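# Structural characterization, general
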Amino acid sequence: MHHASELVADAAERRWAVIVMAIIALLLGLMIFTSLHWATMPPSRVETIDVRTLHLKGEFVESNLGTMVDKDGRVVARLVGQQYSFTPQCIVVPVGVPVTFRGTSSDAIHGFMIGRTNANTMLIPGFISTFTTTFPTAGEQLMPCHEYCGTGHEAMWAKVRVIPAEEFFAKAKAAERLSCVPG
Ligand code: CUA
């Protein structure tokens with residue numbers, strides 16, 4: 001009798017061991033599948049950029065940073081974060097017009113938020129972050145880095161100057177790229 005119940009327990013233990021192994025194998029399989037799948041097929045809206053040539057060519061060369069009106073009429077502000085500053089240090093935008101920000105980082109992960117707006121994103125080396133927002137009122141907003149990026153993190157911030165739309169578009173006509181008044 002004793003012997004028979006031992007056999008039953010043994011069989012049950014074995015069965016459960018197999019089930020647990022199967023669950024672990026399934027989870028491992030899922031992990032491997034998703035990591036391979038995501039590595040080879042990033043989400044379609046992710047834009048990447050080569051950090052090594054960031055300053056040399058393409059969209060984020062220094063002369064292309066700041067605000068401009070694109071050919072299709074969109075207002076686009078481009079910026080780069082680096083330890084421990086933003087380029088440009090001051091971004092000009094119009095009141096009441098959607099502004100598309102496009103940014104990236106040349107070193108660590110930086111954060112980027114603008115005063116009392118819903119603008120809030122991260123700047124990640126190798127990737128282009130983008131979002132569109134509208135500024136309802138004129139004035140100056142602070143744009144601090146809100147992602148700890150090293151010993152100089154506290155001092156990393158820039159400004160966004162929101163100016164009347166007429167003034168903005170008049171300036172945009174005069175110069176291709178807008179920055180806060182030089183000097
Ligand atoms: Cu850059 Cu914190």
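Residues numbered from 1 in each chain as written. Predicted model: local features only at pLDDT ≥ 70, side-chain atom pairs only at ≥ 80, totals over all residues. Heavy atoms only, no water.

As recorded in an unreviewed UniProt entry, the protein goes by Cytochrome C oxidase subunit II and comes from Duganella aceris.

### Let's talk about the packing of aromatic side chains
For any pair of aromatic rings, the description rests on two quantities: the centre-to-centre distance and the angle between the ring planes. Spelled out, the test is: Ring pairs shown here join Phe, Tyr and Trp side chains whose ring centres sit within 6.5 Å, with only the six-membered ring taken for Trp; geometry is labelled stacked below 30 degrees between planes, edge-to-face above 60, and tilted in between. Runs of E in the DSSP output that reach at least two residues are strands. Runs of H or I that reach at least four are helices, and both are numbered from the N terminus. When a residue's accessible area, from a 1.4 Å probe over protein chains only, is under 20% of the maximum for its type it is buried; when over 50% it is exposed; and in between it is partly exposed.
Across all of its chains, the model carries six aromatic pairs by this definition. Each ring, one from F101 and one from F112, has its centre 5.7 Å from the other, and the planes form 65°; the classification is edge-to-face. One end of the pair, F101, is in strand 6 (residues 99-105); the other, F112, is in strand 7 (residues 110-113), and 11 residues separate them in sequence. You'll find F101 and F112 in the same group, each marked buried.

### Structural notes on helix 2 (residues 165-174)
Heads up, the condition is: Starting at the helix axis, one direction is taken to each C-beta atom, and the arc is that of these directions. By definition, residues are in contact when any of their heavy atoms lie within 4.5 Å.
Within helix 2 the residues assigned to the buried category are A165, F168 and A172. Down the axis of helix 2, the buried side of the element spans an arc of 60°, and every buried residue falls inside it. Away from its buried face by more than 90 degrees, helix 2 exposes E166, K173 and A174. For helix 2, the elements touching its buried residues are strand 2 (66-69), strand 3 (75-82), strand 5 (90-94) and strand 11 (157-163).

### Concerning the UniProt feature "transmembrane region" (unreviewed entry) in the protein
Just so we agree on the cut-off: UniProt positions are given in the numbering used here, feature names are shortened, and annotations may be inferred rather than shown by experiment.
With numbering aligned to this structure, UniProt lists the feature "transmembrane region" (unreviewed entry) at residues 16-36. Secondary structure content for residues 16-36 is 100% helix and 0% strand, and the end C-alpha separation is 30 Å.

### Digging into the nonpolar core
Note the threshold: To form a nonpolar core, buried Ala, Val, Leu, Ile, Met, Phe, Trp, Tyr and Cys residues must be joined to one another through side-chain atoms within 4.5 Å.
Residues F86, F101, F112 and M143 are the most contacted members of the largest nonpolar core, which totals 30 residues. Of all the secondary-structure elements, those providing two or more residues to this core are strand 3, strand 5, strand 6, strand 11 and helix 2. Look past the residues within four positions of F112 in its chain and what remains in contact with it is L79, F86, F101, A119, N120, T121, L123, F131, M143, P144 and H146. In this structure, L54, L65, V80 and I128 belong to the second largest nonpolar core, which totals five residues.

### Observations concerning the UniProt feature "domain: Cytochrome oxidase subunit II copper A binding" (unreviewed entry) in the protein
Under the present numbering, the feature "domain: Cytochrome oxidase subunit II copper A binding" (unreviewed entry) in UniProt falls on residues 72-174. Helix makes up 10% of residues 72-174 and strand 50%, and the two end C-alpha atoms of the span are 18 Å apart.

### A closer look at the side chain of R177
Spelled out, the test is: Polar contact criterion, stated in full: a pair of N or O atoms within 3.5 Å, where within protein one must be able to donate a hydrogen and the other to accept it, and residues adjacent in sequence count only if both atoms are side-chain atoms.
Considering the arrangement of structural elements, one finds R177 in the segment after helix 2. A polar contact of 3.2 Å, which involves the side chain of R177, links it to the backbone oxygen of S63. At 3.3 Å, the side chain of R177 and the side chain of E176 are in polar contact. Each residue touching R177, except ones within four places of it in the same chain, is listed here: S63, N64, L65, T67 and M68.

### Looking at the environment of P125
Locating P125 in the fold gives a position in the loop between strand 8 (120-123) and strand 9 (127-133). C-alpha of P125 to C-alpha of D50: the two residues are 75 residues apart in sequence and 8.3 Å apart in space. With sequence-adjacent residues up to four places away left out, P125 is seen in contact with V51, S105, D107, A108 and I109.

### Brief notes about the sheet that holds strand 11
Put simply, the rule is: Paired strands, as defined in this entry, are two strands with at least two bridges between them according to DSSP. Lines fitted to the C-alpha atoms define the axes, with helices restricted to the stretch that makes contact. Angles between their N-to-C directions range from 0 to 180 degrees.
Pairing in this open sheet of three strands is mixed, and the strands run 5-11-10 from one edge to the other. Two strands close off the open sheet at either side, each with one partner strand: strand 5 and strand 10 (139-144). Going from strand to strand, the sheet's axes swing by 25° on average, the running direction of each strand aside.

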